[in-house]
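# Notes for the structure review
Residue strings, one per chain:
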Amino acid sequence: SPDQYSTVIFNSPGGNPITAMKIGRMIRQNGFAVNVGRRDENPNAAVKYSGGQCYSACSLAYLGGRFRWMSGTAKYGVHRFWFSEPVRDSVDLAQIVSAAISTYVHEMGISPKFNEVFVSAGKSEMAEPSREDLERLRVTNNGFERTTWTLESQGGFNYIKGERDTVYGINKFILACPAQRSFLLHMIMDPQGRQEEVMRMRAHTLVIGGQNQTLKPVRREIKNGWFNGSYELTLAQARAIGRAQTVGVMLQHAREAPIFLGFNAMEIGDGAGRRRSFLQSCGA
């Protein structure tokens, strides 16, 4: 049977929306990723899948993917649901199906504005959102689930935690406040089986809104297979984090190295209010 790292490739003009949502839920339950593409019949092709289309009901099944990509020339289109043949009480049934679609879209973590796009095109039309709109609506996530920000307390310390799952493993960004105007950053990441290598990486960098600042770890360890790093932050760094839209921590063998472990663009998003409240309580 397929493992949890499998990717479902869609190439379909559509079908039954109820069946599509069942497929989407099955995909999400198994943790599969999704993409849109058409198999290249050339066995020597550098890319096995390219182009392809995902229209109508396929667009709903696609939303079930845990990580959702759209290959370069792939097409993704939506339109309003309708009955292809006369059905008794079709108005009532259409309302029931529309409500089921709205529930499903919410369940899959897609922006509610997606529903507006879904009903914007009529029976003979097809709305094809741009790549930017697909990302904005969270239809595609390119391997990164949304970050959840929470205010928590443990052992007498208050902290704010950003956490997300990605195709590269878990990311956690934890900002603690041991005392007024004193800040401690703790980051956790999945080193993807490279535990020994990550412990040898000496270049640690705080990334605030795309700007890099040097970090010096006060503690490093592998715990339950994950890398844990702790860093003392200055008041200026804490305030910069308070203004940023993205944050991250990168680990490298050298700062000029092209490859890093960690994450460099965890979005603040809906956590802006919690971050502001936490930093204000700490005197930042």
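Our structure is the block above this text.
Here we come to the packing of aromatic side chains. Considering all chains together, one arrives at 6 aromatic pairs under this definition. An aromatic cluster is defined as three or more aromatic residues linked by ring pairs; in this entry it consists of Phe-10, Tyr-62 and Tyr-76.

The next subject is the sheet that holds strand S11 (residues 203-208). Across the sheet, 4 strands lie side by side as S12-S11-S15-S16; this open sheet has antiparallel pairing. Either end of the sheet is taken by a strand with one partner, and the two such strands are strand S12 (211-215) and strand S16 (261-267). Going from strand to strand, the sheet's axes swing by 20 degrees on average, the running direction of each strand aside. Of the strand pairs in this sheet, S11 and strand S15 (residues 246-252) are connected by 6 bridges, and their pairing is antiparallel. Within the sheet, the bridge partner assigned to Ala-203 lies in S15 and is Gln-252. The sheet contacts of helix H7 (residues 235-243) involve S11, S12 and S15, and relative to S11 the element is tilted by about 45 degrees.

Looking now at a nonpolar patch on the surface. Together, Phe-144, Val-167 and Tyr-168 give the surface a local cluster of nonpolar side chains, amounting to about 270 Å² of exposed area. Within the secondary structure, Phe-144 is located in the loop between helix H5 (131-136) and strand S7 (148-154). Classification of Phe-144 as partly exposed rests on a relative accessible area of 32%.

To continue, consider the state of the cysteines. All chains considered together, the criterion is met by 2 disulfides. The disulfide bridge from Cys-54 ends at Cys-58, spanning 2.1 Å between sulfur atoms. Disulfide Cys-54-Cys-58: the torsion about the S-S bond is -105 degrees, which places it as left-handed. Like Cys-54, the residue Cys-58 is buried in the burial classification. In this model Cys-177 forms its disulfide with Cys-282; the gap between the sulfur atoms is 2.4 Å. Pair noted here: Cys-177 is in strand S9 (residues 169-179) and Cys-282 is in the segment after helix H8 (272-281), with a separation of 105 residues, a long-range link. As far as burial versus exposure is concerned, Cys-177 and Cys-282 are alike and both buried. Here the protein pairs its bonded cysteines, counted in sequence order, in the arrangement 1-2, 3-4.

The next thing to look at is the sheet that holds S9. With antiparallel pairing, 6 strands are arranged side by side in an open sheet as S7-S8-S9-S10-S14-S13. Single-partner strands in this sheet number two, and they are S7 and strand S13 (217-223). Put simply, the sheet's adjacent strands are angled 20 degrees from each other on average, direction ignored. In this structure, strand S8 (residues 157-166) lies alongside S9, joined through 8 bridges in antiparallel fashion.

Of all 7 residues making up S15, 6 are buried, and the element is well covered by its neighbours. Relative to S16, S15 runs antiparallel, the two being bridged by 5 bridges. Across the sheet, the residue bridging to Thr-246 is Glu-267, located in S16.

A word on the side chain of Ser-230. Inspection of the secondary structure puts Ser-230 in strand S14 (residues 226-233). Setting aside residues up to four positions removed in sequence, Ser-230 forms contacts with Leu-185, His-186, Lys-216, Pro-217, Val-218 and Arg-219.

Calculation notes
Residues numbered from 1 in each chain as written. Predicted model: local features only at pLDDT ≥ 70, side-chain atom pairs only at ≥ 80, totals over all residues. Heavy atoms only, no water. Phe/Tyr/Trp six-rings, centres within 6.5 Å; stacked < 30°, edge-to-face > 60°. Pairing = 2+ DSSP bridges. Helix = DSSP H or I, 4+ residues; strand = E, 2+ residues; numbered from the N terminus. Axes fitted to C-alpha atoms, helices over the stretch in contact; angles between N-to-C directions. Contact = heavy atoms within 4.5 Å. Patch = residues over 30% accessible without salt bridge, like charges linked within 9 Å, V, L, I, M, F, W, Y side chains within 5 Å. Areas by Shrake-Rupley, 256 points an atom, 1.4 Å probe, with all protein chains shown as cover. Salt bridge = Lys/Arg side-chain N within 4 Å of Asp/Glu carboxyl O. Buried < 20%, exposed > 50% of the residue type's maximum accessible area, 1.4 Å probe, protein only. Disulfide = S-S within 2.5 Å.

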